Structures are given as C-alpha cells and as structure tokens.
Amino acid sequence: KEKNVFFMEAIWSRFFPVYLKAREIIDSGEIGEVKLVTACFGFPKADEPRMKERSQAGGSLLDLGLYPVQFACMVFKGEEPEDITVSGHLTEEGVDETVSIILKYSGNRMATLVCCMSSLLANEAYVYGTNGTVKIPSFWSPQELVGPDDSTHRFPLPPPGKPLNYFNSTGMRFEAMEVRRCIQEGLIESPLVTHANSLQIAGILD
C-alpha cells in the first residue's frame, strides 16, 4: 500500500462466473438466510513430496484446505467466525492428512469443511438457506451451479488449445482478466479477493 502497487492472492476460484452467480443468488434473498455452508476437497496426493514432507510445509490444510475455507469466507462476506473447531489425523511424517473444520458464526450459522490428501472426495460445496439451497459441483473450478429451484446454470469453459497441467485450468483466465482490469483502473487490490480477505483466510488456517 505504501508503494501504491497492486497485490492480490491468487485464489483463482473466486473469479469463476459460477462464484459471481452464487453471490447473486445469495444476495437476492432467494434462498433466505444462510444457515449452513458445507464444502469438502480431497485428492489422493499423499505421495507427492510437497504434500508429505514437513520441510516443504506439507499436509492437506495449506494446500487443499484453503479452498473450502475461502468458500465459507466468501459466502459469509468476510465475517469473522465466533469460534473455530478443528480435528484431524497426522501422517507418519507428521503432516495433516485429513482435517475437519467447523466455523461457528453469530445467529446460529455454521460452516463445516473437510480437506483430505489421501482420498478422492466429492469436491462439492453447498449453501443452505432457510428457503433453499445452492449446490456447486467441482467448487474449486466450477462450470455449473444448481439453484434453489433445481435449475442448473452452466458456464462452460472454452476448450484448451493445448494439453492442460491442471483440471479446468483454462479457468485461470478469469483471474488474469480481473488482474488486468484492476491494474488498468489503478487499483491496488481486487474487490473479489481483498487484502483483508487474504489475512482472514490465513488467520483461520493458522
């Protein structure tokens, strides 16, 4: 901020059109008051050195746990949870293999989140309101959303011109487009992932 330079954490999920649609539905009141958010994210990656070695900050929480945590923070608009409860299992190397997180918010609202590096999970997120539910399959890089009326809103990604290193990674274009917009407008942070958002997520993960 002192140098007036743009800076943003690269949480690419936040920039997918599905996230913008989810925010629109939630803010419209269509699902009523949000009472519960659930999200799970897991892949069998326990043999990868960067996941299993403590010297490389291994474990599922910092690599995979970011995604469900940032989703809950997005839904609850950056509100600080009143209480955080965490449980999990460690590997023989001493890094977290599976982690469950409960974030309790004011007004009897809650987020239940899970990450795991030894099993393939459903990798879905749900937002439960008093009048309906929003479901987001593949929520870390989504192409569709199921609304409270069971209608599916689809936002297909353009086909890649070359082989991809990561699932749905053509979706990184949305993040790049937002960075370009912010720099052109002279902003030093994006309203979709603010500096405060990053600090809050880091604090919860800590």
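A look at the overall build of the protein chain
Part 1 of the reasoning: Scanning the protein chain for helices and strands turns up 5 helices and 8 strands.
Part 2 of the reasoning: The C-alpha radius of gyration computed for the protein chain amounts to 17 Å, which stays within 12% of the reference 17 Å derived for 206 residues, consistent with globular compactness.
Part 3 of the reasoning: The principal-axis extent of the C-alpha atoms belonging to the protein chain is close to 45 × 40 × 40 Å.
Part 4 of the reasoning: Within the protein chain, the proportion of its 206 residues that are buried is 44%.
Part 5 of the reasoning: Within the protein chain, contacts between residues at least 6 apart in sequence are counted, and of these 65% link residues at least 24 apart.
Part 6 of the reasoning: Accessible surface, the protein chain: about 11,000 Å² in total, of which carbon and sulfur atoms supply 53%.
Part 7 of the reasoning: Computing the positive centroid from 19 side-chain charges and the negative centroid from 27, the protein chain places the two 5 Å apart.

Topic: the pattern of salt bridges
A pair can form between side chains of opposite charge whenever their charged atoms are brought close.
Part 1 of the reasoning: Using the criterion set out here, one finds 11 salt bridges in the structure.
Part 2 of the reasoning: The partner of D27 in a salt bridge is R23, and the shortest N-O contact between them spans 3.1 Å. In this pair, D27 and R23 are both assigned in helix α1 (residues 17-28), 4 residues apart and thus about one turn of the helix distant.
Part 3 of the reasoning: Using a relative accessible area of 18% as the deciding quantity, one classes R23 as buried.
Part 4 of the reasoning: R50 is paired through a salt bridge with E48; the nearest N and O atoms lie 3.7 Å apart.
Part 5 of the reasoning: We classify R50 as partly exposed; its relative accessible area is 38%.
Part 6 of the reasoning: Each of K45, E48, R50 and D63 takes part in a single network of salt bridges with overlapping partners.

Considerations on the nonpolar core
Part 1 of the reasoning: Counting 51 residues, the largest nonpolar core has V37, F71, V127 and F139 as the members making the most contacts within it.
Part 2 of the reasoning: Residues in contact with V37, not counting those within four places in the same chain, are F71, A72, V75, F76, M110, A111, T112, Y126 and V127.

Digging into the layout of surface pockets
Part 1 of the reasoning: Approximately 380 Å³ is the volume attributed to the largest pocket.
Part 2 of the reasoning: Forming the boundary of the largest pocket are 15 residues, of which K45, R50, Y67, W140 and Y166 lie nearest the centre.
Part 3 of the reasoning: If you list the elements that add at least two residues to the lining of the largest pocket, you get α3 (60-75) and α4 (172-184).
Part 4 of the reasoning: The dominant element in the lining of the largest pocket, judged by the number of residues it contributes, is α3, at 3 residues.
Part 5 of the reasoning: For the lining of the largest pocket, the per-class residue count stands at 10 nonpolar, no polar and 5 charged.

Quick word on the state of the cysteines
Part 1 of the reasoning: Applying the stated criterion to the full structure yields 0 disulfides.
Part 2 of the reasoning: Summary of cysteine pairing: C116 is not part of a disulfide, and the nearest cysteine sulfur, belonging to C115, is at 7.8 Å.
Part 3 of the reasoning: Of the cysteine sulfurs around C182, a residue in no disulfide, the closest is that of C73, at 20 Å.
Part 4 of the reasoning: We classify C182 as buried; its relative accessible area is 0%.

As for the environment of M177
Part 1 of the reasoning: Following the sequence through the fold, M177 ends up in helix α4.
Part 2 of the reasoning: Sequence separation between M177 and F15 is 162 residues; the distance between their C-alpha atoms is 9.0 Å.

Thoughts on the packing of aromatic side chains
Part 1 of the reasoning: Taken as a whole, this structure holds 12 aromatic pairs when the rule is applied.
Part 2 of the reasoning: Geometrically, the ring pair formed by F41 and W140 is tilted, given 5.0 Å between the ring centres and 40° between the ring planes. Placement of the pair is F41 in strand β1 (residues 34-42) and W140 in the loop between β6 (133-137) and β7 (144-146), with a sequence separation of 99 residues. Across this residue pair, the class does not change: F41 and W140 are buried.
Part 3 of the reasoning: In textbook terms, an aromatic cluster arises when at least three aromatic residues are bridged by ring pairs, as seen for Y19, F41, F43, Y67, F71, F139, W140 and F167.

Considering the environment of E97
Part 1 of the reasoning: Summarising the element assignment, E97 is placed in strand β3 (residues 96-105).
Part 2 of the reasoning: On the accessibility criterion, E97 (25% relative accessible area) is partly exposed.
Part 3 of the reasoning: Separated by 52 residues in sequence, E97 and K45 have C-alpha atoms that sit 9.7 Å apart.
Part 4 of the reasoning: E97 has contacts with S60, H89, L90, T91, C115, C116, M117 and S118, leaving out every residue within four places of it along the chain.
Part 5 of the reasoning: Polar side-chain contacts of E97 include one of 3.5 Å to the side chain of S118.

Cut-off values and rules
Residues numbered from 1 in each chain as written. Predicted model: local features only at pLDDT ≥ 70, side-chain atom pairs only at ≥ 80, totals over all residues. Heavy atoms only, no water. Helix = DSSP H or I, 4+ residues; strand = E, 2+ residues; numbered from the N terminus. Rg over C-alpha atoms; globule rule 2.2 N^0.38 Å. Buried < 20%, exposed > 50% of the residue type's maximum accessible area, 1.4 Å probe, protein only. Contact = heavy atoms within 4.5 Å. Areas by Shrake-Rupley, 256 points an atom, 1.4 Å probe, with all protein chains shown as cover. Lys, Arg positive; Asp, Glu negative; His and termini not counted. Charge placed at Lys NZ, Arg CZ, Asp CG, Glu CD. Salt bridge = Lys/Arg side-chain N within 4 Å of Asp/Glu carboxyl O. Core = buried A, V, L, I, M, F, W, Y, C linked by side-chain atoms within 4.5 Å. 1 Å grid on protein atoms, 1.4 Å probe; cavity = no way out; pocket = protein on both sides within 12 Å on 5 of 7 lines; lining within 4 Å. Points joined across faces, edges and corners; volume = space filled by probe spheres on them. Nonpolar A, V, L, I, M, F, W, Y, C, P; charged D, E, K, R; others polar. Disulfide = S-S within 2.5 Å. Phe/Tyr/Trp six-rings, centres within 6.5 Å; stacked < 30°, edge-to-face > 60°. Polar contact = N/O pair within 3.5 Å; in protein donor to acceptor, adjacent residues only side chain to side chain.

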